[in-house]
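Listed below are the residues making up each chain.
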4 protein chains.
Amino acid sequence: MKMDQLREALPQWVDASRIFAKGGKVASYIPELAKAPGDSLGITIMDASGETASAGDKHCPFTMQSISKVFTLLLALMDNGEEEVFAKVGMEPTGDDFNSMLKLELVEPGKPFNPLINAGAIAVSSLIRGDSPAAKTERILAFFNEAAGGASLAINQDVFRSESATAHRNRSLAYFLKDNEVLGEDIDVEDVLSVYFQHCSIEICCDQLARMALLLSFDGFDPLAGRQIVPKRYVQIAKTFMIMCGMYNASGEFAIKVGIPAKSGVSGGILAIVPGRYGIGVIGPALGAKGNSTAGVHLLESMSAALDWRIF
Amino acid sequence: MKMDQLREALPQWVDASRIFAKGGKVASYIPELAKAPGDSLGITIMDASGETASAGDKHCPFTMQSISKVFTLLLALMDNGEEEVFAKVGMEPTGDDFNSMLKLELVEPGKPFNPLINAGAIAVSSLIRGDSPAAKTERILAFFNEAAGGASLAINQDVFRSESATAHRNRSLAYFLKDNEVLGEDIDVEDVLSVYFQHCSIEICCDQLARMALLLSFDGFDPLAGRQIVPKRYVQIAKTFMIMCGMYNASGEFAIKVGIPAKSGVSGGILAIVPGRYGIGVIGPALGAKGNSTAGVHLLESMSAALDWRIF
Amino acid sequence: MKMDQLREALPQWVDASRIFAKGGKVASYIPELAKAPGDSLGITIMDASGETASAGDKHCPFTMQSISKVFTLLLALMDNGEEEVFAKVGMEPTGDDFNSMLKLELVEPGKPFNPLINAGAIAVSSLIRGDSPAAKTERILAFFNEAAGGASLAINQDVFRSESATAHRNRSLAYFLKDNEVLGEDIDVEDVLSVYFQHCSIEICCDQLARMALLLSFDGFDPLAGRQIVPKRYVQIAKTFMIMCGMYNASGEFAIKVGIPAKSGVSGGILAIVPGRYGIGVIGPALGAKGNSTAGVHLLESMSAALDWRIF
Amino acid sequence: MKMDQLREALPQWVDASRIFAKGGKVASYIPELAKAPGDSLGITIMDASGETASAGDKHCPFTMQSISKVFTLLLALMDNGEEEVFAKVGMEPTGDDFNSMLKLELVEPGKPFNPLINAGAIAVSSLIRGDSPAAKTERILAFFNEAAGGASLAINQDVFRSESATAHRNRSLAYFLKDNEVLGEDIDVEDVLSVYFQHCSIEICCDQLARMALLLSFDGFDPLAGRQIVPKRYVQIAKTFMIMCGMYNASGEFAIKVGIPAKSGVSGGILAIVPGRYGIGVIGPALGAKGNSTAGVHLLESMSAALDWRIF
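Residues numbered from 1 in each chain as written. Chains lettered and ligands numbered in written order. Predicted model: local features only at pLDDT ≥ 70, side-chain atom pairs only at ≥ 80, totals over all residues. Heavy atoms only, no water.

As named in an unreviewed UniProt entry, chain A is Glutaminase, taken from Paenibacillus montanisoli. As stated in UniProt under Catalytic activity (unreviewed entry), the record for chain A gives "L-glutamine + H2O = L-glutamate + NH4(+)". (UniProt positions renumbered as here; feature names shortened; annotations may be inferred.)

Take a look at the structure:
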């Protein structure tokens, strides 16, 4: 389907999926997130020429939340290499909730199973280079902006403060990692959490998210800028994690039903890619039981089926 | 790389990987399996024209063990459709051992997380049509033979008896499923286990395994027979599970490092596919800590890297 | 309080506790048990002279269910000694449900935590001497009858058949024990379960249960027969387990609130002792969330508080 | 046995038990604790007249560690009453390690199972009255000193700092409780931990510990001062918890083998009571796998057997 056809058809798909927002609920555990309009749904699809098809509620900006974990993983890999990163986090899906501590306690040697669950993403945040939390955050923002094709993303300070004040479970996870020496002696837990909460609080809109997805879709090569921004190998790793555990513990179901690499966040955002073809950004704040946008997942599922996007 | 080049290069790859057998151990929990030669390694790669490249120890036949689960899943899907199958098993990787009962007890509603862990495969076995365990087993064998291009696979009765006599953990799993009503009132546990143990005990060799893999590689279309044997959608499902949980709780690592759909068995066999190109059968009886052939995984990893087989 | 005073006061206590039956539900997982009248409550208290005070619904007989585990433990200790018994079961409360498999899988070496959870009681049943399940069951019945002062207890065949046909979770536990070699190579799982289901199905009434409790109250010495039936040490062990885990995973609460050794069963029976003073039998079929008779627990709690029965 | 006989016999018991220190290891997770002499063993037994029998290494003072939890529970009960305390902590043993998070995550509503595991003791610390951590700690010290018959116990600042700096697992537990709202909105986690680490760091010697135990032995009545210091009901509760979970997840074994209420600490101290007769303080820094003094447990076991101390 050509981009102009897609542009034309997109509103109908969005309309057909929007009602699935009723089956979800806006996340409330971070008070600031609870303000998002639960019945909205928006999407942008971008191809290699930078052309886009958009539809639905703009509802921009929203915070990246867990979507940011994909790009902090890439930055950590560029900063440290595979070996050092995978000394701190594993490569396996957990089957547990994203904030679960079960496997940290039950499975030796107590390192997080993968970089996309909270514990793993906190460990990854500790690996970003920089002399201070502020310096690390600045480098993260700079990288995200480059990945978004020269955007000017910024941190939503209200969300950051709200997360920082209420995310006791993440503190609990971080101190567990500290106890397990996944966070080393020289690492201050609150410093790591500050970096983590800040990159989760980066604001974005669907167009920018689609632009970031495009980079992954072309294996780290920016087709608009005409240069390799992230080594291909690291993007392959990231895409694999997106398939294995990008949609929390509904990743298997998403892989079966939609079949493309994606990463969701509790703000209701989803970054998805059709490898070699599209970068996609979706927002739909109402979440299902496992933390994914109900309307957003339905939209991607119906489009993937209709347009044969599956990678399997 | 053309098939004749592959044929020429293959022995070197096999030789380079064979030493990794030393890092593994032949499975002993089924006494009959313990007799396999631990230091052997063999592989067959087949393309759409039926041409093959083989190298290493023939060590044929070996029993399929968990590899059979992929094909009983396909048969169950053909017999019952998606809806009925996924009423009994889930779609998520577990992060736990293949014979773990944790999630069955901890996660409501107590159905197995996916069809490739033991609990899930037992549930799938219960869905195969047939008036008796013997009739079901016969249908399974007929389907496997068709998938293998008209082979004459048979059950290794010694292994079957050995498994049946010693696999108390599988009995424990099956009765747990019975208690959870995943196995319904009309289903006799020993009957289901008999079917399960029999399809695990089907003997095969690398050539035949590669032939079965070829069918998956072409989405259920047999390129040699020239006809669709399994609906494409069901093979997509099977391939997704192979990526998500085909290599037990080392599936994530395999996806990161090798990046192709595969399924291993405790006999040391691995069925792998390079979608649209090859079907692959590997045997290397020495297993690593997570139940996969150490030499076999190394062989696939080095070939995938060299020949760019990754799907991500 | 003298026995005639107790006799006079007892009906009021029973009446005051009976309404707590409304907060419970008769067990239904063994279909035959579901027939018990949910609103009934009865009690017998017996002293060293054999005098009794009784009140409430006779509702006799009922099956012993888990209460039987205390006495099979005593018989297993007499048959094998402490060392052999505790080679098969541990001495710790679990904090888990009585039929949980979590600790069997998670805690090495996989033996049941104590003899009063199902897994432990099944292991204990395997230790009873006898050439066949029938012979073992006969010895158990003979011991129970002796402990009950020469009673003629019998197995309720309907309940036994009902349990045997439906207790798949117990089968699952037993095969797990078999896999862990807690049940040795020479032990047939169905044989052990047959013994286990039979002693759970022994019918009893409050008077007889109080008589059996009296034996424990006097540390294995039968004050009416004037002789030591069970070695004191073994009764001490049994009483300790009754305090630690006699009331499933509400044992701590019972110890805090009631403070006497007791053992409950899913039929709604409770055997309790006031050491050196009374043996007590209670029946109240409506169970709370953790499997104990709601009215029965309330009755014992109010009497223990009023009459200062606590051992702590 | 009279006190002078006990005094005479005690050195032999101590000598016979001292070798069991070789089977243990001094705790090292709090660096300051690792300095204790691993092969030492000391004991003081005090009766209602205040007479004592002592033997072995004085090794005084040591820090109370988990032993303090019994007395902060008493103070919290006096400050808040039963209802409020048990709104925050449960009454059940866990079967898990003292610092486990499993049940906090797995069992709704996520409150700690009992006040003697770390999570529960942290919750209890939050209930001590006082306007500031310093004020709370002062009240705790004052109460401990009163319970010790007018002692001048003090906090070992080196141990306190060492614990505070390294106890990341306790921080993880505390933030988990905060997330579960066991620690309410108005409660600062570091404040609670400060109180908790300080009462764990109170220094004591065997004589003083025996004196504190004496108070429990007489149900809160101080037989030397001639007055009730703690309400009887609260001491009954404390004694019950000591039996159920005073010796970590070896409490069942201790109850079976020793049979008296006791509480151990990772410093190697044990407070034990023979109800109505003795208060006992023991120190033996070498710990077994489950965190109890190996030589200390052996000493109490052999004396309990010889002198018939069992409460069951």
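Once the structure has been displayed, the description carries forward.
Attention shifts here to the interface of chain A and chain B. In this assembly, 30 residues from chain A lie in contact with 30 residues from chain B. Both faces combined, the contact of chain A with chain B buries some 2500 Å², and carbon together with sulfur accounts for 64% of it. D96(B) is the partner of K103(A) in a salt bridge, and the nearest nitrogen-oxygen pair spans 3.1 Å. The tally of links between chain A and chain B comes to 18 residue pairs in polar contact (both at pLDDT 80 or more). Secondary-structure elements contributing two or more residues to the side of chain A that touches chain B are α10 (232-245) and α11 (251-257) of chain A. Counted by class, the side of chain A that touches chain B contains 12 nonpolar, 7 polar and 11 charged residues. (Contact = heavy atoms within 4.5 Å. Buried area = accessible area lost by both parts, 1.4 Å probe. Salt bridge = Lys/Arg side-chain N within 4 Å of Asp/Glu carboxyl O. Polar contact = N/O pair within 3.5 Å; in protein donor to acceptor, adjacent residues only side chain to side chain. Helix = DSSP H or I, 4+ residues; strand = E, 2+ residues; numbered from the N terminus. Nonpolar A, V, L, I, M, F, W, Y, C, P; charged D, E, K, R; others polar.)

This brings us to helix α4 (residues 118-125) of chain B. Residues and elements named next belong to chain B. For α4, the tally of buried residues reaches 8 of 8 residues, placing the bulk of the element in the interior. Taken together, the buried positions of α4 are occupied by N118, A119, G120, A121, I122, A123, V124 and S125. Looking at the buried side of α4, the elements it contacts are α2 (68-88), α3 (102-106), α7 (168-179) and α8 (189-200). (Buried < 20%, exposed > 50% of the residue type's maximum accessible area, 1.4 Å probe, protein only.)

For the rest of this paragraph, the subject is a nonpolar patch on the surface. A cluster of nonpolar side chains, contributed by L106(A), V107(A), L106(C) and V107(C), occupies part of the molecular surface with about 240 Å² of accessible area. The class for V107(C) is partly exposed, based on a relative accessible area of 31%. (Patch = residues over 30% accessible without salt bridge, like charges linked within 9 Å, V, L, I, M, F, W, Y side chains within 5 Å. Areas by Shrake-Rupley, 256 points an atom, 1.4 Å probe, with all protein chains shown as cover.)

A few words now on the sheet that holds strand β8 (residues 262-264) of chain C. Residues and elements named next belong to chain C. Strand order in the open sheet formed by 5 strands is β3-β2-β10-β9-β8, and the pairing between neighbours is antiparallel. Each end of this open sheet is capped by a strand with a single partner; those strands are β3 (52-56) and β8. With strand direction ignored, the average angle separating the axes of adjacent strands in the sheet is 10°. Both strand β9 (residues 269-274) and strand β10 (residues 278-283) contribute to a ladder of 6 bridges, which runs antiparallel. Among the inter-strand pairings, I273 is bridged to a residue of β10, identified as G279. Seen against the sheet, helix α1 (residues 3-18) touches β2 (42-47), β3 and β10 and runs at an angle of roughly 25° to β3. (Pairing = 2+ DSSP bridges. Axes fitted to C-alpha atoms, helices over the stretch in contact; angles between N-to-C directions.)

Residues and elements named next belong to chain B. Within the secondary structure, F218 is located in the loop between α9 (206-217) and β6 (221-222). C-alpha separation for the pair F218 and T44, spaced 174 residues apart in sequence, amounts to 17 Å. In this view, F218 contacts A48, P223, G276 and R277; residues no more than four positions away in its chain are not counted.

On to the packing of α4(B) against α8(B), then. All names here are of chain B. With their axes 9 Å apart at the nearest point, α4 and α8 run at an angle of 110° to one another. It follows from the interaxial angle that α4 and α8 lie roughly perpendicular. Considering only the axes of α4 and α8, their crossing is right-handed. Here N118, A121, I122 and S125 of α4 lie close against α8, whose contacting residues are V192, L193, V195, Y196 and H199. Residue composition of the contact of α4 with α8, grouped by class: 6 nonpolar, 3 polar and no charged. (Parallel < 35°, antiparallel > 145°, perpendicular 65-115°, else oblique. Left-handed = near helix turned anticlockwise from the far one by under 90°.)

Moving on: the packing of aromatic side chains. Residues and elements named next belong to chain A. Considering all chains together, one arrives at 26 aromatic pairs over all chains under this definition. Summarising the aromatic geometry, the rings of F143 and F144 are spaced 6.3 Å apart at their centres and angled 75° between planes, so their arrangement reads as edge-to-face. For F143, a relative accessible area of 5% corresponds to the buried category. The exposure class of F144 is buried, given its relative accessible area of 0%. Taken together through their ring pairs, the aromatic side chains of F71, F143 and F144 make up a single cluster. Taking the ring centre of F113 as reference, the NZ or CZ of K103 above it sits at 5.6 Å. (Phe/Tyr/Trp six-rings, centres within 6.5 Å; stacked < 30°, edge-to-face > 60°. Lys NZ or Arg CZ within 6 Å of the ring centre and 35° of its normal.)

With that out of the way, let us pick up the sheet that holds strand β8 (residues 262-264) of chain D. All names here are of chain D. Read across the open sheet, the 5 strands follow the order β3-β2-β10-β9-β8; overall the sheet is antiparallel. Of all the strands in the sheet, just β3 (52-56) and β8 have a single pairing partner and so form its edges. On average, each strand axis in the sheet is inclined to that of its neighbour by 10°, with strand direction left out of account. Two elements, strand β2 (residues 42-47) and strand β10 (residues 278-283), share 6 bridges in a ladder whose sense is antiparallel. By the bridge assignment for β10, G42 is matched with I283. Along the sheet, helix α1 (residues 3-18) contacts β2, β3 and β10; its crossing angle with β3, the most-contacted strand, is approximately 25°.

Right, let's talk about the pattern of salt bridges for a bit. Summed over the entire model, instances satisfying the criterion amount to 64 salt bridges over all chains. The partner of E190(C) in a salt bridge is R171(C), with the nearest N and O atoms 2.6 Å apart. In this pair, E190(C) sits in helix α8 (residues 189-200) while R171(C) sits in helix α7 (residues 168-179), placing the two residues 19 residues apart along the sequence. Overall, E190(C) belongs to the partly exposed group, its relative accessible area being 31%. Take R171(C): its relative accessible area is 8%, and that puts it in the buried class. A single salt-bridge network, built from bridges that share partners, covers D96(A), K103(A), D96(B) and K103(B).

Moving on to the confidence of the model for chain A. Taken over all residues, the pLDDT of chain A has a mean of 96, while the share at 70 or more is 100%. Per the prediction output, this complex has pTM 0.96; the corresponding ipTM is 0.96. (pLDDT = per-residue confidence, 0-100.)

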